Amino acid sequence: MKGYLKKLPKEVQDLILLAGDIASINNMRAYLVGGCVRDLLLKVENLDLDIVIEGNGIKFAEELAGAFNTKPIRHRRFGTATVDLLSHRLKIDIATARKEFYPEPAHLPVVENGSLKDDLKRRDFTINAMAININRDGFGKLLDLFGGEEDLNNRKIRVLHDLSFIDDPTRILRGIRFEQRYNFRFEPKTKKLLKGAVALRMLERVEPQRIRDDLILLLKENYPLKEIRRLKELVGFAFISPGLSVSDKIFRLIKFAEKQINWFKKNYPDRRMLDTWAIYFMALMDPLNSNAVRKVCRKFVFRKGEDKRILGYKKIGRKFISNLKRIKNKPPDIFSILEPLSYEVILLVKAKYKYRGIQKTIEDFLEIYNGMKICSKGDDLRRLGLTPGPSYQEIFTKVLNAKLNGAVKTKEEELELIKKLIRKWS
Ligand code: CTP
């Protein structure tokens with residue numbers, strides 16, 4: 001095994017050799033490209049392989065998947081395919097080498113088949129525009145047409161041509177993401193071009209869903225505060241909502257939110273995974289009123305659940321906070337206020353409101369009451385002779401409150417309480 005590929009785990013090397021052989025048998029040329037080459041050179045683990053095929057990418061994907069008794073997932077819209085090899089913890093995205101034209105700035109390009117060189121030329125930054133051949137004759141050879149390796153060594157983010165940010169303004173967000181992730185810097189001309197595209201408000205001309213996707217990726221980076229600071233410095237936030245500006249107060253909120261996220265992950269590793277990006281997004285939206293946030297949600301077309309969370313945070317007003325402070329000793333009240341909220345909203349509230357009462361209430365909620373359920377069911381009530389009706393809900397609420405207060409623990413104790421309640425009714 002030659003060169004850079006030697007750094008990969010043995011089973012990944014074997015898989016790449018096999019992929020190269022499958023390409024050769026079919027008279028195709030195969031290359032690793034983009035992010036995985038960049039990360040290989042940087043010695044950063046990346047288990048998302050991108051393969052570009054000079055030939056027929058879909059046929060290659062079918063043959064590669066076939067070798068593992070599986071089928072590729074085809075993305076017809078893009079003419080690409082993904083082979084998921086869970087056994088290897090690997091995801092392989094496969095595409096036929098293509099040429100792109102941008103008929104209109106900020107719109108999706110028109111695509112046609114091309115050579116590897118065409119494919120590299122259409123990419124965002126030099127560090128993402130390198131390829132490694134994986135056919136056996138040429139195996140491990142790095143193709144670096146734009147000085148990507150040198151830019152990696154000098155820690156520079158550089159576009160391939162002057163219109164790069166105009167053609168695809170999402171590259172502004174991508175560039176900031178890579179710059180901050182690897183602690184690189186935009187080289188001066190690229191920075192100037194980026195600022196030029198910002199001055200032309202190019203981000204506002206892109207389909208909002210594409211902006212949303214890149215914004216989410218940016219906020220999903222580890223500790224995105226530095227990305228957000230850089231965004232403020234180079235771009236601002238008007239592309240999210242007109243007039244949105246992010247003050248030091250918000251930066252502090254983001255920092256506190258980061259602490260709360262770490263605290264939650266450390267203390268509750270078995271709870272569902274947090275959508276950390278949503279916490280940071282809600283923090284950014286903090287200066288906006290509900291109407292403005294609703295507009296942002298509509299524009300970015302978030303998924304239903306995401307919308308609900310983001311708007312849920314906006315519903316938290318002064319009254320809610322004073323309730324939360326006040327109810328600190330009554331478990332049923334804590335439960336009824338916090339249980340309907342998502343972890344994301346709860347953690348942001350915890351980050352924003354430092355009152356001891358609120359901190360303790362939220363900690364107690366997460367530790368003791370969150371997810372508490374009673375064991376008794378409708379069938380139990382029926383068996384005790386109660387006809388189904390509104391009284392069922394009333395009884396369940398009373399039993400749950402008793403459980404939250406610690407007055408009942410086991411199902412037997414619940415049933416005893418239910419019997420008492422029924423007796424009182426009749
Ligand atoms: N790419 C591009 N312009 C874009 C999006 C993607 O040129 N707007 C190219 C880049 O060459 C990039 C590759 O497509 O390396 C794969 O894109 P993606 O998977 O989004 O990025 P990665 O570079 O793999 O980054 P990450 O590590 O964040 O996944």
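It should be noted that the structure appears before, not after, this text.
In this text, all values refer to a predicted model and were calculated from it rather than measured experimentally.

Scoring rules and cut-offs
Residues numbered from 1 in each chain as written. Predicted model: local features only at pLDDT ≥ 70, side-chain atom pairs only at ≥ 80, totals over all residues. Heavy atoms only, no water. Helix = DSSP H or I, 4+ residues; strand = E, 2+ residues; numbered from the N terminus. Buried < 20%, exposed > 50% of the residue type's maximum accessible area, 1.4 Å probe, protein only. Contact = heavy atoms within 4.5 Å. Areas by Shrake-Rupley, 256 points an atom, 1.4 Å probe, with all protein chains shown as cover. Lys, Arg positive; Asp, Glu negative; His and termini not counted. Charge placed at Lys NZ, Arg CZ, Asp CG, Glu CD. Axes fitted to C-alpha atoms, helices over the stretch in contact; angles between N-to-C directions. Parallel < 35°, antiparallel > 145°, perpendicular 65-115°, else oblique. Left-handed = near helix turned anticlockwise from the far one by under 90°.

Engineer: Run through the overall build of the protein, naming residues and quoting values.
Structural biologist: Looking only at helices and strands, the protein has 21 helices and eleven strands in total. With 426 residues in all, the protein has 52% of them scored as buried. The contacts of the protein with a sequence gap of at least 6 include a subset with a gap of at least 24, amounting to 66%. When the accessible area of the protein is evaluated, it comes to approximately 21800 Å², of which 51% is carbon and sulfur surface. In the protein, 84 positive and 55 negative side-chain charges are present, and the distance between their average locations comes to 6 Å.

Engineer: Tell me what's going on with the packing of helix H1 (residues 10–25) against helix H3 (residues 57–67), and back it up with residues and numbers.
Structural biologist: Direction vectors running N to C along H1 and H3 enclose 130°, while the axes themselves pass 10 Å from each other. Between H1 and H3, the crossing angle belongs to the class labelled oblique. Where H1 crosses over H3, the handedness of that crossing is right-handed. Residues Leu18, Ala19, Ile22 and Ala23 of H1 form the contact with H3, whose own contacting residues are Phe60, Glu63, Leu64 and Ala67.

Engineer: Tell me about unusual backbone geometry, and please be specific about residues and values.
Structural biologist: Phi angles above zero are rare outside glycine, and lysine 43 is one such case at about 60°. Along the chain, lysine 43 turns up in the loop between helix H2 (35–42) and strand S2 (48–54). Not every positive phi belongs to a glycine, and tyrosine 223 is a case in point at roughly 50°. In this fold, tyrosine 223 is placed in the loop between helix H9 (208–219) and helix H10 (225–234).

Nothing here speaks to function; it is geometry throughout.
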